[in-house]
Amino acid sequence: MTTITTRTVEYLADGLTMIGHLALPAGADRRPAVLLGPEGMGLSDVERRRADALAELGYVALAFDLHGGRYLDDPEEMLARCMPLLADPERMRDIGHAALDTLRAEPRTDPDRIAAVGYGTGGAIALELGRAGVDLRAIGTVNGLITGRPGEAARIRCPVWAGVGSEDPIMPPAQREAFTAEMQAAGVDWRLVVYGGALHAFHHPPVDHAALPGVGHHPQHAQRAWHDVVDLLTECVTSAE
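Now for a look at the structure at hand. Only a predicted model underlies this, so the values are computations on that prediction, with no experimental measurement involved.

1. Digging into the overall build of the protein chain
Then, number 1: From N to C terminus, the protein chain includes six helices and eight strands.
Then, number 2: Helices and strands appear in the protein chain in the N-to-C order β-β-β-α-β-α-α-β-α-β-β-α-β-α.
Then, number 3: Since a compact globule built from 241 residues should have a radius of gyration of about 18 Å, the 16 Å found for the protein chain is in line with a globular shape.
Then, number 4: Nonlocal contacts in the protein chain, meaning residues at least 24 apart in sequence, comprise 69% of its contacts between residues at least 6 apart.
Then, number 5: Surface accessibility of the protein chain: about 9900 Å² in total, with carbon and sulfur atoms responsible for 53%.
Then, number 6: One finds the centroid of the 21 positive side-chain charges in the protein chain at a distance of 4 Å from the centroid of its 33 negative side-chain charges.

In structure tokens form, the structure reads like this:
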């Protein structure tokens, strides 16, 4: 296994002190980087391990924070914070830009080779960075097929990959269709993978607290979605010199 180093990083966003998890690959050279966003519950060991796995693959990875260092395991509290956030593109962009600035400030980061990948709310933030015209090499979103303000998808300057479970009641077929119609109308290089039989947050290991209805882990599709994300990064970030 490749030796990596990790540390917490603090930065300000959305009126909060955010606490992200930065993972660095071995060596001292500049490396391509990935901004990694969590589900609406917030940053957890799941995203930290994913950032570490990306560092083992040679990426500088920052798993960013949503709630000022808190993990919201109460579904009602999570919805009370995330629903207004998802309805406010400027707040999402503020959170995304602050995390991206933190990632760019890391000396190991190659600023010309950065991708944004997110799950749920974190995926919606990754998309909003694209709609804001941020120069990214790729955007990946799982369970976060949120449409944006009219016309702004035309600012997306990189391929977009999206994954969703076929049985996800939170991202139902109508939402998928609206998202893909937005991408297509904007001329974005987009892909959508529908994982058969999977619920919302199918990629996330089971939790030991209450969860929203329609949420469930699917081990096989979780692995497949991870491989699809890694393939996206290989194609768009490491192979596109």
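Next comes the rest of the description.
2. Focus on the layout of surface pockets
To locate leftover empty space, one rolls a probe as large as a water molecule over the atoms.
Then, number 1: Here the largest pocket defines a volume of roughly 520 Å³.
Then, number 2: Along the wall of the largest pocket there are 31 residues; nearest its centre are Glu39, Met78, Ile170, His200 and Leu212.
Then, number 3: Element by element, the count of residues in the lining of the largest pocket is highest for helix H2 (residues 75-86), at six residues.
Then, number 4: Residues of the lining of the largest pocket, tallied by class, amount to 19 nonpolar, 10 polar and two charged.
Then, number 5: Each pocket or cavity is described by its volume, and for the second largest pocket that value is around 210 Å³.
Then, number 6: Every residue lining the second largest pocket is listed: Val46, Arg49, Arg50, Tyr119, His203, Pro205, His217, Ala222, Gln223 and Trp226.

3. Regarding the side chain of Glu106
Then, number 1: Note that Glu106 resides in the loop between helix H3 (89-105) and strand S5 (109-119).
Then, number 2: With a relative accessible area of 6%, Glu106 lands in the buried category.
Then, number 3: In terms of polar contacts, Glu106 uses its side chain to reach the side chain of Arg7, at 2.7 Å.
Then, number 4: Not counting residues up to four positions away in its chain, the partners in contact with Glu106 are Arg7, Leu22, Leu24 and Val60.

4. As for the sheet that holds strand S8 (residues 190-195)
Then, number 1: Judged by pairing direction, the sheet is mixed, and its eight strands sit side by side in the order S1-S2-S4-S3-S5-S6-S7-S8 without closing on themselves. At either end of the open sheet lies a strand with only one pairing partner, and these are strand S1 (5-13) and S8. Ignoring strand direction, the axes of neighbouring strands in this sheet form an average angle of 20 degrees.
Then, number 2: Taken together, the three bridges between strand S2 (residues 16-24) and strand S4 (residues 60-63) define a ladder with antiparallel strand orientation. Within S4, the residue paired with Leu22 across the bridge is Leu62.

5. Brief notes about the pairing of strand S3 (residues 31-37)
Then, number 1: Counting buried residues in S3 gives six out of seven residues, a clear majority hidden from the surface.
Then, number 2: As paired strands, S3 and S5 are joined by six bridges and run parallel to one another. Directly across from Leu36, in S5, lies its bridge partner Val117.
Then, number 3: Sheet topology note: the S3/S4 ladder contains four bridges and is parallel.

6. Considering the state of the cysteines
Then, number 1: Counted under the stated rule, the structure contains zero disulfides.
Then, number 2: With no disulfide of its own, Cys158 lies 7.6 Å from the sulfur of Cys236, the closest cysteine sulfur.
Then, number 3: Classification of Cys158 as buried rests on a relative accessible area of 7%.

7. Focus on the pairing of strand S7 (residues 160-165)
Then, number 1: Of all the six residues making up S7, six are buried; the element is thus mostly covered by neighbouring parts of the structure.
Then, number 2: Burial along S7 is two-sided: the face carrying Val160, Ala162 and Val164 and the face carrying Trp161, Gly163 and Gly165 are both buried.
Then, number 3: Direction of pairing for strand S6 (residues 138-142) relative to S7: parallel, over a ladder of four bridges. Looking at S7, one finds that Ile139 is bridged to Val160.
Then, number 4: Relative to S8, S7 runs parallel, the two sharing six bridges. The partner of Ala162 across the bridge, within S8, is Leu192.

8. With respect to the pattern of salt bridges
Then, number 1: Scanning all chains against the criterion turns up 17 salt bridges.
Then, number 2: Between Glu128 and Arg93 there is a salt bridge, and its shortest N-O distance comes to 2.9 Å. Taken as a pair, Glu128 in helix H4 (residues 121-131) and Arg93 in helix H3 lie far apart in primary sequence, 35 residues in all.
Then, number 3: Taking relative accessible area as the criterion, Glu128 reaches 2% and is therefore assigned buried.
Then, number 4: For Arg113, the salt bridge identified is with Asp110, shortest N-O distance 2.9 Å.
Then, number 5: Judged by relative accessible area, which is 14%, Asp110 ranks as buried.
Then, number 6: One connected set of salt bridges, linked through shared partners, spans Glu90, Arg93, Glu128, Arg131, Arg149, Glu152, Arg155 and Glu182.

Cut-offs and rules
Residues numbered from 1 in each chain as written. Predicted model: local features only at pLDDT ≥ 70, side-chain atom pairs only at ≥ 80, totals over all residues. Heavy atoms only, no water. Helix = DSSP H or I, 4+ residues; strand = E, 2+ residues; numbered from the N terminus. Rg over C-alpha atoms; globule rule 2.2 N^0.38 Å. Contact = heavy atoms within 4.5 Å. Areas by Shrake-Rupley, 256 points an atom, 1.4 Å probe, with all protein chains shown as cover. Lys, Arg positive; Asp, Glu negative; His and termini not counted. Charge placed at Lys NZ, Arg CZ, Asp CG, Glu CD. 1 Å grid on protein atoms, 1.4 Å probe; cavity = no way out; pocket = protein on both sides within 12 Å on 5 of 7 lines; lining within 4 Å. Points joined across faces, edges and corners; volume = space filled by probe spheres on them. Nonpolar A, V, L, I, M, F, W, Y, C, P; charged D, E, K, R; others polar. Buried < 20%, exposed > 50% of the residue type's maximum accessible area, 1.4 Å probe, protein only. Polar contact = N/O pair within 3.5 Å; in protein donor to acceptor, adjacent residues only side chain to side chain. Pairing = 2+ DSSP bridges. Axes fitted to C-alpha atoms, helices over the stretch in contact; angles between N-to-C directions. Disulfide = S-S within 2.5 Å. Salt bridge = Lys/Arg side-chain N within 4 Å of Asp/Glu carboxyl O.

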